[in-house]
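Examining the three-dimensional arrangement
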Amino acid sequence: MKLKLILPLIFLIAICTESCKKNLEETAYSFLSGNTVFSNEAGLKEATLGVYDSWRADPNFDPFYQWVLAECGQQYVTAGQSGDGMITPFYGFEETPSDLNITNVWSRYYQTVARANTVIAHANQAVSDTNKANIYIAEARFHRAYAYFMLVRDFGGVPLITTEVNSIAQKDLIYASQSPVQDVYNFIIQDLQFAETHLPPFWKGNDLGRISAGAAKALLGKVYLTGAGLPLQNAQYYQLAVQKLSEIVGSGEATYNFGLLANFSDVFSDNNRKNKEVVFAWTNLWTETYSHNGIILPYFLFPTGLVGTPTQTVYGLTSAFHNLYETTDTRADMTAISRYISQPSGDSIIYDPTIHHYINKTQGGSVVGNTLFSYTGMAYGKFGRTPLSPTQAAVPTDYSTDLIQMRFSDVLLCLAEALNETGQTAQAIPLLNRVRARANASEYSVGSQDEARSEIRKERRLELTGEYTTVYDIRRWGTLKDEIAAMDPAQILNNALAPYSAKLELYPIPQKELDANPNLKQNPGW
Amino acid sequence: MSKKILPFLEQKKKALLFFSLLFFSLFTFAQQKAIVNGTVYSLDNVPLVGVSVRVKGTNNGTTSDAQGRFKIQANKGATLVLSFVGYEEKEIEVNDAGNVGTIQLVSTTSTLGGVVVVGYGSQNKRSLASATSEVSAKDFQHAVINTLDQALQGRTSGVQVVNTSGEPGAQVVVRIRGNNSLSGDNQPLYVIDGFPVAPYTEGLTQGSKPGLKNAYSQNGLYGINPDDIASMVVLKDAAATAIYGSRGANGVILITTKSGKTGEGKIELRNNYSVGTIRNPVKMMTGKQYAEIVNETNALSGNAPIFGNIDTITTNTDWFNATTRQSYREDASAIFSGGTAKSLYYISGNYVKDIGNVIGSSGNKKGSIRANLSSKINNWYSIKGQFSFARQFTNRAFSTQMRWPTGAGFLDLLRQSPTVPVDYLGFNAYGFPGDSKQFWFGNPVNELNSKIDVVKNDNSIVNIENEIKILNSLKLVVSLGGTQNLSRRQIFLDATTVLGQPKNGVGYNFLANTYSYNANAYLNYDKLFSDIHKLDLTLGAEYNAQTLEETGASSSNFAIPYFGINNIGSALSQEISSYREDRKLQSAFFRGNYSYKGKYILNTSLRVDGASPFAENKKYGLFPTAGVAWNLDKEEFMKNVSFISTSKIRASYGETGSQAISPYSSLQQFVNGVYPTGGNNNFTLTLYPSGLGNADLSWEKTKQFDIGTDISVLNNKLSFSFDYYNKLTSDLLQPRAIPSQSGYTSITDNYGVIQNRGLEFSISADIISRKNMELTTQFNISRNKNVLVNLGDRTAPTYISIGNNLIGGVSGILVPGQEIGQFYGYQLTGLVQTKDFDADGKPSYPYPGPAAVQHPGAVKFQDTNKDGKIDKADRQVLGNSSPDFTFGWSSNFRWKNFSVNLFITGSEGNKVLDITRALLNDGIVIWGGQVTNQTQDWYGKRWTPENPINDPRYPGVLAGPPFVITDATSAMIEDGSYVRLKSLTFLYAFPKLKVVKGLTLSVTATNLLTITKYAGFDPEVSTFNQSILQQGIDYAGYPTQRSYTFGLSCNF
């Protein structure tokens, strides 16, 4: 009789008390907690590489959106062979605060900031050696600086999230208002100065591709040069740019393993990744086993058949742009593809500037691509043109292309520009010619500071179009009005080319962010 | 407490021993006593067979025979105890004549003052203060149903049941008193014989990797054979559901399975065979008609005709005919049951084969077995066990992984080009002469025949319930049990299919294993003091733990074509993933019921639930309720009102909760990725935070007030029930957008309030109850209004798009302060006529997009804000998917051995967004690289210059969709009201034969008649089934069928 009562009573008591509190603690199996991640150096390194991953991982449209913001708002852009889908309305200057590109780019850059802040906050928890921790912190601070550099050029003054957000209670950060542009630059400069101090000059072996002190100096120089232009026009910055970039040009090139390759197209080859001309790049690799780790950019930029697969070419460069190059210039057809052999048909495809379309020479001059568009441009081609593997080609949106963010020729041209702006035109010209000589372009003879300025600006277009800098160069030079004035409305579908307005010097703050954060203010004019 | 009871029990034990000896001697003495005769009937005068009859205080017992008669030796003045499973025990005194005459036993499931199952126990129906309704097995015994939730449709007020599609094994949406949660779960809790089961657990949370969460059962309740159900009790208000605390907010359905009955073993066999056809087939344009419209389309854009001489077109493929067939269904059950006074057994087996109307492997096969065993070990201890196992193979007709070309299943199939021969395979997108041959043609017949998409489920439930009688009025019930649902989904698309072709074959293999344990124990004290005060107290605790484990593998590029789904490792491109999550719930509960002379009733309960998915300091929730009831008929002043048999007024208030969020939602999670490093790009693992935790994440809370009355009149011949309720659900669990400067875009948070208010009425009548003739009827009607009271500080409307479909834009709107379920889009005003253009060809009406695409026959939009142009600002509310009321009516008529059963359900005042019909009649035959054939109906009625109609449902030939308009339009909105003769059964029960005791033949017609204005396939539709924001949308669903079932059942 006792047994029948005692057993269940024990059971009752057991389930009521003993296990109560602890039992409801959640054990995670398919993810980790921050404490686990930052318990050793391996975790710290994986979290640091997680910051790199934020620039390229799925959804892989975002890197394309970033590219659209950096490369579409200029005079030589028109629809691509397949239309203008993904670059609308940016190439016609008709963007709105609700456009997906703007919305996603904003959140994507802040995702990088957040991942970097997490690494910065916990590095010393993972390793006891401060010097070791500082390397990871320096890498993270570089990423944070670059994200803010993109943000400040896209949107102007933006909220500065300086520490890790790990709780929604941190309302001062989550709902922070915009900081002045100068404050953002100061923050970027501090991060990059920390990075150049604590990172090795360059990386080797399996660490190749990580951010080095050389990359930090290069970016810092470019930040100074940009800050010297509009809207900040900080006069000291030209000199600081000269100082910083000089550290890595000339004698510094060996120290930081930088230089120009002999052949322009080799720089972009997939068989020659992370060569000494690449200052820093985000890397992509599609494989049979890790799908979705390729990048979609070439799919939207390459013309159909260039590497044997169909594409959806949404961006074109006008023949006027191609005409800027001298006929001997090796960069011309690498940048704007005026002719190619379509694979697998073997047809010869040639761009016809009179009808603004590619035509199929082999098949008797028929127009290639979307005939609904009266104006399409030459396709952009500065990527490794490796044919896709058969499996990859089945869904040809995953290319193993590295996204080069900065090249050594950019460093040379930035230094040339800074030297010219500080009155050292004579020292600037050799740097300009070094870039031109490699491309088999004619040597530029010494002229006035103004002449040199316009030559350097033109050279940046010839050398760097499509490399995340064109729109920002136009903004800092204050030449957007001239750009728009030089455009033919027919370049834009339905002639939807907006007239110049001062608001176009910045993109609008995403509507989604204004809705979520009452402390944000829309940029003037939007 | 135990200290007091134990010594007492020790004494009692000795006393028992003493009395046993005494009884033994009395037994010998009783041999000389008289024989007492009696007959035992149920309340509806059916003789009860196998009733245990015992002389109180002796071992002397017998059972009633086939006519309900019994003989027993007993003293005059002795007391007979009659007990029978499913009926209330009855004691009767032997009168001076040594007779007991006719005795009636009251069924425990009877509505007439019987006992009804409630959470953790049972309660006398008259002492309930809650809104509880019951569906018994006989209500749906002839209906053709796959899963038990279908049996609830139209049977009881306050419960809305929608069959989401006509596909065998499809999900069923069950809503008790409306939707409480925006993004959480709105399904009721199912409790089978005291054991809680989650119907669709696998689909509720998101895995860490894309591609997971694909292994699921179509309908998680498949494991319960409807034949095994004795009754289903629906707990609707908080007074009844609060005992289930955090799982009670959406209502609770308590399912009691059958058990054996005392007496000779019984064998029952049943076999049903059904055939069915699609209720309303659709005729698409013929090859010639299609070619004619294609040419007209081309002419619109100034191009030459594609089809030269239309008269030479001979290919005329009717894809509807080619891909559909007659369905058939076999359903066989065998049941063995019986028992002794001590032990009862019920063993059943069921097999169902359901072959759908769509060709290919579309269909469902399942087998299930169940054993319910119970035994009274001794006079203080009894044990019950339920064991069930079910295996189901469901072949999906339209896989979400399959698309030709858009993934819109039945819609794509209908719209395929009629000029393509039915056996064509290869490159050809349009069936045009001189096609570009760029795309692989998705031949619907081949797609359906070649693809494999099968979900294989194993479901088992084991539950043991121990009942220990400590005192006469005190018992302890301890239950232990577990469930396991193993779900495997295999998809294979070979290289002849649209998706398989470019990837050279794709295979997916998903495995999900959900297992749970449940343990509960409660003490129940039930005593009547001084014949006045009745006290019924329950105190208990419960623990529940559930784990979900998943593995997913997919691969493509099957270089060796002979290997398929069972060797996906042979393909060159592979991806794998796995996932695990746990959730735990621990609770303590108390229920206290008090009744004064059976007149005044107080019901209270309190539950404390702790659930693991919430934030560290927010895991516990408290869920109280109180209800009062007044049985007026027990008052003196009602004694003279003889036509009223019973009357009760009741009111209750209580709080329940919902915890339908993913585990780990409150924690910050670091997940893994890869990044290529080194000169050759080698993958290195990465880690990064995927979201922000929320240290305040807590319960979704529902407060409910209910007032109701139950009245029966004319000697219980007619009974009514009426309820009004008002439910407020606050702290809704849903994502909240946070500024992405935080690094994250949203968190799971508690905010917002939803209100459900409604009225419920039901009536049941025993109109005729004679020996040879019976007529009973039941009717119920319910109304529910579902309003989004607020969304916290979010005041802007939320636009709802249904994504991944052809319209792609906005279909609904959610506005704080307004009803939920509003469709939103453009109002169409008519069609563009030839005279609507000025001399320069400029349109004289407001239009969207460029003028160039405007032409006669196109649809016209209402310029709501009168700004002269059509844009997003002109959108408006187009209707609501919530019905004004739903109803069900069933009648049963028996004349001698012949019966007719009629069951009608309906819905009134709801709108359906019929995208299917709209896209089949939109005047676009080719668009975006897709062939979109139109119906003959459209062809005949469409706008032409000669037939200048103004009905936007039949536009003229269009070159493409209205520019920039991707949102819903009023042409898609249809009245979804309907009245449906859901089932009509004729049944003949043969007179008793020698061996076969009961032989019954039946014919049932399902979906025989539907009265509706709805122009699509079926007004009873909800393609996006479980989502509250996307209800009432008809998007390419699997059509429903009309079927005829022939049934044969017999028992031995």
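To start, this report covers the structure provided alongside it. (Residues numbered from 1 in each chain as written. Chains lettered and ligands numbered in written order. Predicted model: local features only at pLDDT ≥ 70, side-chain atom pairs only at ≥ 80, totals over all residues. Heavy atoms only, no water.)

What about the overall build of chain B?
Within chain B one finds nine helices and 56 strands. Taken over 1052 residues, chain B has a buried fraction of 56%. Nonlocal contacts in chain B, meaning residues at least 24 apart in sequence, comprise 69% of its contacts between residues at least 6 apart. Summed over all atoms, the accessible surface of chain B reaches about 42,100 Å², with 57% contributed by carbon and sulfur. (Helix = DSSP H or I, 4+ residues; strand = E, 2+ residues; numbered from the N terminus. Buried < 20%, exposed > 50% of the residue type's maximum accessible area, 1.4 Å probe, protein only. Contact = heavy atoms within 4.5 Å. Areas by Shrake-Rupley, 256 points an atom, 1.4 Å probe, with all protein chains shown as cover.)

Points about the sheet that holds strand β8 (residues 366–368) of chain A
Residues and elements named next belong to chain A. The antiparallel open sheet is built from four strands, whose spatial order is β5-β6-β7-β8. Single-partner strands in this sheet number two, and they are β5 (339–342) and β8. Between one strand axis and the next, the sheet turns through 35 degrees on average, direction left out of account. Strand direction decides the pairing type here: β5 and strand β6 (residues 347–352), joined by four bridges, are antiparallel. Looking at β6, one finds that Ser-342 is bridged to Asp-347. (Pairing = 2+ DSSP bridges. Axes fitted to C-alpha atoms, helices over the stretch in contact; angles between N-to-C directions.)

Concerning a positive patch on the surface
Taken together, Arg-54, Lys-342, Lys-376 and Lys-469 of chain B make up a surface patch of like positive charges. On the secondary structure map, Lys-376 of chain B appears in strand β20 (residues 363–376). (Patch = residues over 30% accessible without salt bridge, like charges linked within 9 Å, V, L, I, M, F, W, Y side chains within 5 Å. Salt bridge = Lys/Arg side-chain N within 4 Å of Asp/Glu carboxyl O. Lys, Arg positive; Asp, Glu negative; His and termini not counted. Charge placed at Lys NZ, Arg CZ, Asp CG, Glu CD.)

Digging into the interface of chain A and chain B
Frequently, the measure chosen for interface size is the accessible area that the parts lose on association. On the chain B side, the residues contacting the 78 residues of chain A number 76 residues. Taking both partners together, chain A and chain B bury about 6,700 Å²; carbon and sulfur atoms supply 63% of that area. The tally of links from chain A across to chain B stands at zero salt bridges. The greatest single-element share of the side of chain A that touches chain B, amounting to nine residues, is contributed by helix α1 (residues 2–18) of chain A. Class assignment for the residues of the side of chain A that touches chain B results in 39 nonpolar, 24 polar and 15 charged. (Buried area = accessible area lost by both parts, 1.4 Å probe. Nonpolar A, V, L, I, M, F, W, Y, C, P; charged D, E, K, R; others polar.)

A short note on the side chain of Asp-922 of chain B
Residues and elements named next belong to chain B. For Asp-922, the position within the fold is in the loop between α8 (915–920) and β49 (926–927). No salt bridge is formed by the buried Asp-922; its nearest oppositely charged neighbour, Arg-415, is found at 5.3 Å. Within the local environment of Asp-922, its side chain forms a polar contact with the backbone nitrogen of Ile-924, the two atoms lying 3.1 Å apart. If we ignore the near neighbours within four places in the chain, the residues touching Asp-922 are Gln-934, Pro-955 and Leu-958. (Polar contact = N/O pair within 3.5 Å; in protein donor to acceptor, adjacent residues only side chain to side chain.)

Focus: the nonpolar core
In this structure, Phe-64, Phe-142, Tyr-148 and Phe-280 of chain A are the most contacted members of the largest nonpolar core, which totals 164 residues. When residues of this core are assigned to their parent elements, the largest contribution, 15 residues, is made by helix α7 (residues 130–155) of chain A. Excluding anything up to four places from it in sequence, Phe-64 of chain A contacts Met-86, Ile-87, Ile-296, Leu-297, Phe-300, Leu-301 and Val-314 of chain A. Ile-278, Leu-878, Ala-918 and Tyr-1035 of chain B belong to the second-largest nonpolar core, a separate cluster that totals 33 residues. (Core = buried A, V, L, I, M, F, W, Y, C linked by side-chain atoms within 4.5 Å.)

Some words on the sheet that holds strand β4 (residues 69–73) of chain B
Residue and element names in this part refer to chain B. Judged by pairing direction, the sheet is mixed, and its three strands sit side by side in the order β4-β1-β7 without closing on themselves. Two strands in the sheet have a free side with no partner beyond their single neighbour: β4 and β7 (99–105). With direction set aside, neighbouring strand axes in the sheet form an average angle of 25 degrees. Of the strand pairs in this sheet, strand β1 (residues 35–42) and β7 are connected by six bridges, and their pairing is parallel. Across the sheet, the residue bridging to Ser-42 is Leu-105, located in β7.

Remarks on helix α4 (residues 41–53) of chain A
All names here are of chain A. In this model α4 runs 18 Å from its N-terminal to its C-terminal C-alpha over 13 residues, within 8% of the 18 Å that 1.5 Å per residue would give. Restricting attention to buried positions, one finds in α4 the residues Gly-43, Leu-44, Ala-47, Thr-48, Leu-49, Gly-50, Val-51, Tyr-52 and Asp-53. You can read the cap of α4 off the contacts: a side-chain oxygen lies 3.2 Å from the backbone nitrogen of Ala-42, and it is on Asn-40. (Expected span 1.5 Å × (residues − 1).)

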